[in-house]
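Chain and residue survey
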Amino acid sequence: MQDSDPRGLDFPTYGQFMHWKFHTAYVELGVAAWNWSGFTWYRRCFGGSKKSLSTGKMASLLMVASMPLLPAVMLALGRRRARVARLCRSALAWTLRLLRGRVCAKSTHAFVFSRCTHGNAGSVLETFDIYAETHGSAAVGPQIGQALDEVVRRVRPLRVLELGMHCGYSSVLLLRLLPPDGRLLTVEQDPAVAGLGEEIILVAGFKHTQFQVLTGSSGETIPTLGTFLEPAPGTSGTFNLVLMDHDPQQYLVDLLALENQGLLCPSGCSVVLIIRNRRDKCLEELKELIRARPDCYSIKSQVGGMVELFFQKSSSQ
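My aim in this report is to walk through the structure given alongside it, one point at a time. (Residues numbered from 1 in each chain as written. Predicted model: local features only at pLDDT ≥ 70, side-chain atom pairs only at ≥ 80, totals over all residues. Heavy atoms only, no water.)

1. Some words on the overall build of the protein chain
- The secondary structure content of the protein chain amounts to twelve helices and nine strands.
- About 18,300 Å² of surface is accessible on the protein chain, with carbon and sulfur atoms providing 58% of the total. (Helix = DSSP H or I, 4+ residues; strand = E, 2+ residues; numbered from the N terminus. Areas by Shrake-Rupley, 256 points an atom, 1.4 Å probe, with all protein chains shown as cover.)

Structure (structure tokens):
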């Protein structure tokens with residue numbers, strides 16, 4: 001029986017209180033065990049010391065021992081499981097993208113840096129392609145690379161924005177086709193990956209006067225791009241070409257942000273989207289934008305996993 005209060009509130013008995021207290025401690029122990037063991041595994045894989053082998057074994061044992069605690073954790077979070085599930089999926093996807101991108105960038109960088117001819121952009125791209133034949137790679141590859149070449153030659157841009165630098169493949173591809181007064185701004189969220197990609201660009205023979213690497217998310221960086229954009233003589237401070245190869249869920253948001261910031265050339269700007277997964281809904285969202293605003297947006301070309309949108313203000317048509 002629970003004790004009652006004149007205000008109509010029920011108080012738990014001592015036994016119920018102790019059961020709840022034990023259950024809470026059980027859940028906290030499970031969460032702490034997974035956090036600590038996961039953190040130790042991460043340190044061992046990404047920069048941990050070699051002498052932490054015994055610690056790694058202990059972390060593995062603790063992770064296995066904490067397996068029975070998972071039902072209690074899930075039961076405690078049952079009332080909010082939908083929200084928790086969304087948060088967990090988002091956190092897991094972000095973590096996997098970060099770790100996979102960092103590991104891929106490190107291995108790709110080591111291969112290209114050691115085997116390419118320094119100062120030769122063509123050799124750098126060929127070495128990327130050789131690596132991609134036997135390894136997973138975030139580079140767009142020769143097929144999309146050729147289609148991107150055609151877009152750059154047709155547009156002949158002076159100011160180019162790249163969202164999603166990865167290993168530096170597309171950066172080198174773009175820079176080698178820009179005119180002497182052309183300039184590339186490339187954005188990469190992971191500072192470690194950005195540093196590796198920047199080194200590849202320098203290895204390809206380009207100088208910092210031709211490009212600039214910005215670190216941060218697209219949402220954080222786009223509002224600040226105007227301060228880094230140096231207009232070419234006789235042109236406005238806008239981009240003639242934008243390459244998006246970051247998070248497909250951000251394509252529509254970032255495209256509208258670039259337009260709202262006045263960063264797309266009003267007389268015409270090609271926006272190239274790299275779509276690696278056909279299941280992504282980003283293309284359908286962009287098609288809805290085109291249907292809603294046919295006076296400003298249209299699909300210029302589509303080759304495999306590359307889609308080229310064309311932006312032009314109606315007053316400039």
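Still more ground to cover, so stick around.
2. Observations concerning the side chain of histidine 109
- Relative to the assigned elements, histidine 109 resides in helix 4 (residues 81-115).
- Setting aside residues up to four positions removed in sequence, histidine 109 forms contacts with Leu196, Glu199 and Ile200. (Contact = heavy atoms within 4.5 Å.)

3. Focus on the side chain of glutamine 312
- By secondary structure assignment, the location of glutamine 312 is in the segment after strand 9 (306-311).
- When its relative accessible area of 17% is taken as the criterion, glutamine 312 is described as buried.
- Here serine 267 takes part through its backbone oxygen, which lies 3.0 Å from a polar atom of the side chain of glutamine 312. (Buried < 20%, exposed > 50% of the residue type's maximum accessible area, 1.4 Å probe, protein only. Polar contact = N/O pair within 3.5 Å; in protein donor to acceptor, adjacent residues only side chain to side chain.)

4. Comments concerning the sheet that holds strand 7 (residues 269-274)
- The seven strands are arranged 5-4-3-6-7-9-8 in an open sheet whose pairing can be described as mixed. Looking at strand neighbours, the two that pair on one side only are strand 5 (211-215) and strand 8 (297-303), the edges of this open sheet. With strand direction ignored, the average angle separating the axes of adjacent strands in the sheet is 15 degrees.
- By the bridge criterion, four bridges tie strand 6 (residues 241-244) to strand 7 in an arrangement that is parallel. Following the sheet pairing, valine 242 is matched in strand 7 by valine 271.
- Together, strand 6, strand 7, strand 8 and strand 9 form the strand contacts of helix 6 (residues 141-155), whose direction differs from that of strand 9 by roughly 20 degrees. (Pairing = 2+ DSSP bridges. Axes fitted to C-alpha atoms, helices over the stretch in contact; angles between N-to-C directions.)

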